[in-house]
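Here is what each chain is made of, one letter per residue.
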Amino acid sequence: MSTPSAAVQRLRLRTELRRARSQAGLTQRQVATTMEWSPSKLIRIEAGEVAVTVNDLKALLAEYGVTDRRKAESLLELARGSRKMPFSEYRDVFGKEFLSFLALESSASIIRGFHFFVIPGLFQTEEYIRALVGRTGQGVSPERLDRLVEARLARQEVLEGDEGPELFMVLDESVIRRQVGGPGVMRPQLERLADLASHPRVTIRILPFGVGAHPGLRGPFTLFEFSEDGMPDSVYLENPRGESYASNAPEVTGKYLEAYWELEDLAVGDDLGPVLRRISAGLSEGSGELAPVTADLDG
């Protein structure tokens, strides 16, 4: 059996630590006071935002009254295995919330998402990334832009080879109509989507404007499922202001999974590759206008 990723091990550890503290009848503040920690340190550990050292974990287990040797050793192994989180070398360009997202993305066996504003990061071309960040990055330096491009392209390695997550993505029609970077950028980007539509682990569907109001109007979201036993599903929500929220509470993930199924039923996906290629071919350098797509999608 393969060793779980660092992200999965950290998620397991934080779940077990919360459970142990709850069974001991202790609050976060009580534990922090006893351990002579700031409350924020324990909060970050239980949120999986930071790793816990082996020595700190031993002290926590003693505080929680965990005396079962096998149980304690399994938690210590999780702590050792969770030290190196994926993409941690990009802390200089990504905040902790997005690094948590990348940890989920790199560890999931199934990823489902609805995208309302731009092409999903896993599907973006380098030119699209540069055009997007250049317009929304508020004066990002060339060096930082290069780092962002490098990191986003590194994410796409999950699409290579026979192994990796299954991806199911519903894109609002506005995503393929919005000309990020102009026709010269959108043509290869749409061709990239067309190629991905035939990828054995990728399913792409387009939600036409004609469906009217739908559950996705609340904003983009991504759902993660894991093959490891005991790993809860997680959902990541985002909005145009850059705010994000992640949860693995069943009542939250269940609600968004239902929304995803509804969006998938409303969306169009059959023969999507040829449709995207026709849209790409319809881009005119002269007018800068995107050829009508509704007929293609509805047809």
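Structural data are supplied above this passage.
Since the structure is predicted, the reported quantities are computational estimates derived from the model, not experimental observations.

Undergrad: For this particular structure, what's the right way to read the pairing of strand β1 (residues 110–115)?
TA: On a regular strand, each side chain points to the face opposite its neighbour's, so the side chains alternate between the two faces of the sheet. The element β1 is largely enclosed, with a buried count of 6 among its 6 residues. Where burial is concerned, the two faces of β1 agree: the one with I110, R112 and F114 and the one with I111, G113 and H115 are both buried. Pairing of β1 with strand β2 (residues 166–172) involves 6 bridges; the strand directions are parallel. Residue pairing for β2: G113 is matched across the bridge by M169. As judged from the 5 bridges shared by β1 and strand β4 (residues 221–225), these two strands associate in the antiparallel manner. Bridging across to β4, I110 finds its partner in E225.

Undergrad: Just to check I follow, could you spell out unusual backbone geometry for this structure?
TA: Unusually for a residue other than glycine, E36 sits at a positive phi of about 60°. In this fold, E36 is placed in the loop between α2 (28–35) and α3 (39–46). Notably, D271 is not glycine yet its phi reads approximately 50°, a positive angle. Relative to the assigned elements, D271 resides in the loop between α11 (250–266) and α12 (272–281). Classification of D271 by relative accessible area gives exposed; the value is 61%.

Undergrad: So what exactly am I meant to see when it comes to the pattern of salt bridges here?
TA: Two side chains carrying opposite charge are able to pair once their charged atoms lie near each other. One pass over the structure, following the stated rule, counts 15 salt bridges. Between E77 and R80 there is a salt bridge whose closest N-O contact spans 2.6 Å. Placement of the pair is E77 and R80 together in helix α5 (residues 69–81), with a separation of 3 residues, close to one helical turn. Between R177 and E173 there is a salt bridge whose closest N-O contact spans 3.8 Å. Taken together, the residues span about one helical turn, with R177 and E173 both in helix α9 (residues 173–177) at a distance of 4 residues. One continuous salt-bridge network, built from bridges that share partners, spans E16, R19 and K71.

Undergrad: How should the side chain of R112 be read in this particular structure?
TA: With respect to the secondary-structure elements, R112 resides in strand β1. Here R112 falls in the buried class, since its relative accessible area comes to 10%. Looking at R112, its side chain comes within polar contact range of the side chain of E225, at 2.4 Å. Ignoring anything within four residues of it in the chain, the contact list for R112 reads F168, F221, T222, L223, E225, L257, Y260 and W261.

What counts, and where the lines are drawn
- For every chain, the first residue of the written sequence is number 1, and numbering continues from 1 along that sequence.
- The model is predicted, so local features are restricted to residues of pLDDT at least 70 and side-chain atom pairs to those at 80 or more, both for listing and for counting; the totals for chains, interfaces and linings are taken over all residues.
- Calculated side-chain values reflect all of the structure's heavy atoms, with hydrogen atoms and water omitted.
- The classification of residues rests on relative accessible area computed with a 1.4 Å probe and restricted to protein chains. Under 20% of the type maximum is buried, over 50% is exposed, and intermediate values are partly exposed.
- Put simply, DSSP marks the helices as runs of H or I at least four residues long and the strands as runs of E at least two long, and each gets a number from the N terminus on.
- By this definition, two strands are paired if DSSP reports at least two bridges between them.
- Should a side-chain nitrogen of Lys or Arg be within 4 Å of a carboxyl oxygen of Asp or Glu, the pair is scored as a salt bridge.
- In protein, a polar contact requires one atom able to donate a hydrogen and another able to accept it; more generally it is a pair of N or O atoms within 3.5 Å, and residues adjacent in sequence count only if both atoms are side-chain atoms.
- Any two residues whose heavy atoms approach within 4.5 Å are treated as being in contact.

Functional significance is not addressed by these values, which are geometric in nature.
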